[in-house]
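Each chain is listed here by its residues.
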Amino acid sequence: MKRAVTTGPGSLGWYVRRLRNMPLREVAFRVSEHARKAYSRRNHRGWERFADSAARPPMLPGIREAVAATPVEARQAIDAAAADVLAGRFKALGVAWPQRSPEALFPAGIWRLDPTTGGLWPGSEAYTFDIAYRRQQGLGDVKQVWEFNRLQFLQPLAAKAMLDDYAAATAAIEDAIASWYDANPPFMGIAWSSGIELALRSISLLVVASLCGDRLKPETLTRIRTMLKAHAFWLARFPSRFSSANNHLIAEVAGEFLIAVAMPELFGAPATANRAQAVLAREALLQILPDGVPAEQSPTYGAFSVEFLLLCIAVGRTAGHPFPTKVEDRLDRFVDFVTWIAGADGAVPAIGDDDEGRVLTLGGDEPRYVASVASAAAAWVRGKGPAFAGETLRNVIFGKAGTSPAPVGQRIFESGGYSVFRGRAGGRDILLVLDHGPLGYLSIAAHGHADALAIFLAVDGTPVLVDPGTFAYNADSVARDWFRGTRAHNTLSIDDADQSIMAGAFNWSHKATARLDERVDGPQWRLRASHDGYVKRNGLRHERTLAAGADRIHITDRLLGGGEADAEVCFQLAPSLDATRDGDAVIVSRGGDMVVRIVLAQGAIAIARGDEGLAGGWVSPSFGIRVPASRIAWRGRVGAGGVQFRIEV
């Protein structure tokens, strides 16, 4: 296998762009952080500092009891997931790892393997903060190697070992932990580079110990305890703060809280648990807005944060660390938001980034992840909520909410910036979402997309106008920029420019601000919103109006400010749909049956599907995968008089 040599954490340009979004307090924090990293390079290596000779399994209270009551359907899912692991199969983020022999499931190199190229990331010879994973050369996306190092494939093995006393599962767990321990000493190699990875790996280890710790050898338990002590030290030493204090902070503090609860005999554990719980309670109210919308403007990252919080709330209640009721109330608001934007099958618009992060998992694809988390949260908080189909470890532990009727009518999520209409038009069920929210969260808006005033439409449960998804983070900068850019979304762009200006893969130098200007409820509903993303560059404000018709939706786009500009309006279709020109209209069909008819204003009309130059026609249904999907683009001059479109249903 090839090996790539990488040094240094990031380019000078990356630091300069990031510094522009930092207040002075954050600059001081980063300087201090750099000094702590330099000190740790010399003084905090090796397992000896964290050695723990105890052989008691660290336990998350309540987890074992919940899994012991696993229903038949979920047991079948656990069996299938465990069988894949024992056969050496692993797939994540759109990539299948080379299948390993059941007799050698965890060779030393597996923890550094890049499954895309076959190369190896730096290992125990490299101090973790010297590895330039943002500027890697010759390797794929770092998220892939991190994914395997999360050890989440041990979760179904632990459940199988506990439920069936399955010796092969127990042996595989012990082999994996011994191999990882030997290959990844503190704090060397790619596996220690990011706090969120440490938190997720800690949770996997805690799930293993809680479910089948009584079946593990003393030396395995000693390794688990030593690993957890090292992880807790690192999480506390290098927290995500300021512009990085998004879902990463929730993950890291959740890891600290759960380790402290599971290992109360550790020095300072009670104080750590209290501090971490206070931070989690605070961040729950910051990162889930009062109306339930995730502050990061991504339903999937919101669900990811909620899953961390839900696990901590459940463990905390059993362990005598109850969370404030206002935290559970905020989770309930998130459930409400998901209920309004989810289709009948549980699918939600792919707004913002999605890297398919999970906390409790059986592995494999989980396209209804947001609905699964919402169902688990609803079951925990109120006992009812959005319907969910499927079996996951998360729903085994927290439960699944019973179905409740889908909402009907209009709902404005004022804090998060979404307007939703659910009702009938032309005798058909309509789900329509208008995005007039902020770009993202905190100064860098890391996971936001330039999608102000984008719309999402489903008809009779069929997604029609969709968000293109995420596709890539670090491995493909061109694709990264396209999928989060304005032209990839169902909105208007001026001169092919983005509303907000990118300053790196997870950073923005200029952020469009959107607002809802008018709302009319009732059968003749109307929504009018606008954003200022082009004001400084073009002197023009984009305004979009959506209005109801008997069997149609009217769309009016105007550019306010006294001038005109060359503009493009995009309608990105779901991959399963076909688009056919019919004069100034486009017939959208599936399997030969018309779904909607989009009537366009006078101007140039183009339909792209799978354009190799990334000029459009792609949708990413999951991270690392993109599929052709018809993109309808109208081009023409737009001014204060506006242009009109209509979607006939």
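A brief structural summary. (Residues numbered from 1 in each chain as written. Predicted model: local features only at pLDDT ≥ 70, side-chain atom pairs only at ≥ 80, totals over all residues. Heavy atoms only, no water.)

**Quick look at the pattern of salt bridges**
- One pass over the structure, following the stated rule, counts 48 salt bridges.
- Glutamate 26 serves as the salt-bridge partner of arginine 30, at 2.9 Å between the closest nitrogen and oxygen. With arginine 30 and glutamate 26 both in helix H2 (residues 24-43) and four residues apart, the pair spans about one turn of that helix. With respect to class, arginine 30 is no different from glutamate 26; both count as buried. (Salt bridge = Lys/Arg side-chain N within 4 Å of Asp/Glu carboxyl O. Helix = DSSP H or I, 4+ residues; strand = E, 2+ residues; numbered from the N terminus. Buried < 20%, exposed > 50% of the residue type's maximum accessible area, 1.4 Å probe, protein only.)

**Some thoughts on the packing of helix H10 (residues 247-262) against helix H11 (residues 269-287)**
- The geometry of H10 relative to H11 is characterised by a closest axis approach of 8 Å and an angle of 150 degrees between their N-to-C directions. Accordingly, the angle class assigned to the pair H10 and H11 is roughly antiparallel. Between H10 and H11 the crossing geometry is left-handed. Seen from H10, the contacting residues are Asn247, Leu249, Ile250, Val253, Ala254, Glu256, Phe257 and Ala260; seen from H11, they are Ala269, Thr272, Ala273, Arg275, Ala276, Gln277, Val279, Leu280, Arg282, Glu283 and Gln287.
- Residues belonging to the contact of H10 with H11 are distributed by class as follows: 11 nonpolar, four polar and four charged. (Axes fitted to C-alpha atoms, helices over the stretch in contact; angles between N-to-C directions. Parallel < 35°, antiparallel > 145°, perpendicular 65-115°, else oblique. Left-handed = near helix turned anticlockwise from the far one by under 90°. Contact = heavy atoms within 4.5 Å. Nonpolar A, V, L, I, M, F, W, Y, C, P; charged D, E, K, R; others polar.)

**Let's talk about the packing of aromatic side chains**
- For the coordinates displayed, the defined rule picks out 37 aromatic pairs.
- With a centroid separation of 5.6 Å and 15 degrees between ring planes, the pair formed by phenylalanine 106 and phenylalanine 153 is classed as stacked. Taken together, the residues span a long stretch of sequence, with phenylalanine 106 in the loop between strand S2 (95-96) and helix H5 (142-149) and phenylalanine 153 in the loop between H5 and helix H6 (154-164) at a distance of 47 residues.
- Taking 5.7 Å as the distance between ring centres and 55 degrees as the angle between the ring planes, the aromatic pair formed by tryptophan 180 and tryptophan 192 counts as tilted. Taken together, the residues span a long stretch of sequence, with tryptophan 180 in helix H7 (residues 167-183) and tryptophan 192 in the loop between H7 and helix H8 (195-212) at a distance of 12 residues.
- Residue class for tryptophan 180 comes out buried when judged on its relative accessible area of 0%.
- A connected cluster of aromatic rings, assembled from ring pairs, spans Trp47, Phe50, Tyr127, Phe129, Trp180, Tyr181, Phe187, Trp192, Phe233, Trp234 and Phe238.
- Above the face of the tyrosine 181 ring, arginine 223 is positioned so that its terminal group lies 5.8 Å from the ring centre. (Phe/Tyr/Trp six-rings, centres within 6.5 Å; stacked < 30°, edge-to-face > 60°. Lys NZ or Arg CZ within 6 Å of the ring centre and 35° of its normal.)

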